[in-house]
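# Observations on chain architecture
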Amino acid sequence: MPYVPAPDLAALTLAELAEAAAARRLPPVEQWTPTQTGDSLMRIAADGTWFHDGGPITRPAMVRAFSALLMREDDGRHYLLTPIEKLSIAVDDAAFLATDMQVRHDGAGRAVLAFRLNTDEVLLAGPDHRLRTAGTAEVPAFYLGVRHGTEARLNRSTYAQLIDQALTVSPIEALAVESAGLRFALAPCA
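In what follows, the accompanying structure is described. (Residues numbered from 1 in each chain as written. Predicted model: local features only at pLDDT ≥ 70, side-chain atom pairs only at ≥ 80, totals over all residues. Heavy atoms only, no water.)

### Re the sheet that holds strand S11 (residues 140-145)
Strand pairing in a sheet relies on backbone hydrogen bonds, with the paired strands running either antiparallel or parallel. Heads up, the rule is: Here a strand pair is declared whenever DSSP counts at least two bridges between the two strands. Under the scheme used here, helices are H or I runs from DSSP no shorter than 4 residues and strands are E runs no shorter than 2 residues, and both carry numbers assigned from the N terminus. Where helices are involved, their axes are fitted lines through C-alpha atoms of the stretch in contact, as for all axes, and angles between N-to-C directions lie from 0 to 180°.
The six strands are arranged S9-S8-S7-S12-S11-S10 in an open sheet whose pairing can be described as mixed. The open sheet terminates on both sides in strands that have one partner only, identified here as strand S9 (122-124) and strand S10 (131-135). With direction set aside, neighbouring strand axes in the sheet form an average angle of 40°. Sheet topology places strand S7 (residues 96-105) next to strand S12 (residues 151-154); three bridges connect them, and they run parallel. Across the sheet, residue Phe96 finds its bridge partner in S12, namely Ala152.

See the structure below:
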């Protein structure tokens, strides 16, 4: 079955966004305990490009497949997991990029922030996908929790969308956004 990219986020209702977020079937990585370890000879560059043995992986379907096997341990190292193998993978910054954001409101009027990743996945910021700020006040960096400890860095345009949303709901000195009932401060920690 050929891969059909998800429609533009701006055209989707909150229910459709939630459906898109739930639609991705992922392998049960958290249940696997592989006994063999090694190096995948793979790297994810800061711009989201995947490489194998020095050459870029140009097939989006391959990147999507590999991304479903990713996990990050508490020490920050990333791995690709299969039931048999745990292979290290170098990640320059974050394993994913958030490339678009839309704001919708639920039945209670609460804002819900929907993000599209460079793998075409849709995630809704909230308890399972928290926003985190890093960097400095001069050069902040924003990250969205994805799964198994991995994160997506918000690209420049998505970062601008997030700041625009924050400016509509909070004063600049206390910049924050809300999503799914949670408040996320957007000021980097000192």
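From this point, things continue past the structure.
### Quick word on the packing of aromatic side chains
Put simply, the test is: The pairing test for Phe, Tyr and Trp rings, Trp by its six-membered ring, is centres within 6.5 Å, and the orientation test on the planes gives stacked under 30 degrees, edge-to-face over 60, and tilted for anything in between. Three labels apply to residues, based on accessible area from a 1.4 Å probe with only protein chains included: buried if under 20% of the type maximum, exposed if over 50%, partly exposed otherwise in between. Either the NZ atom of lysine or the CZ atom of arginine qualifies as a charge over a ring when it sits within 6 Å of the ring centre and within 35 degrees of the ring normal.
Within the structure shown, the criterion is met by two aromatic pairs. Centroid distance Trp50 to Phe66: 6.4 Å. Interplanar angle 15°. Geometry classified as stacked. Of the two residues, Trp50 sits in strand S2 (residues 50-52) while Phe66 sits in helix H2 (residues 60-67), which places them 16 residues apart along the sequence. Assessed through its relative accessible area of 24%, Phe66 is described here as partly exposed. Taken together, a centroid distance of 5.0 Å and an interplanar angle of 45° make the contact between Phe142 and Tyr159 tilted. On the criterion of sequence distance, the pair formed by Phe142 in strand S11 and Tyr159 in helix H3 (residues 156-169) is long-range, its members being 17 residues apart. The partly exposed category is assigned to Tyr159, whose relative accessible area is 28%. The ring of Tyr79 is capped by Lys86, whose NZ or CZ atom sits 4.5 Å from the centre of that ring. One cation-aromatic arrangement involves Arg132 over Tyr143; the distance from NZ or CZ to the ring centre is 4.5 Å.

Remember that the coordinates give geometry; whether it matters functionally is a separate question.
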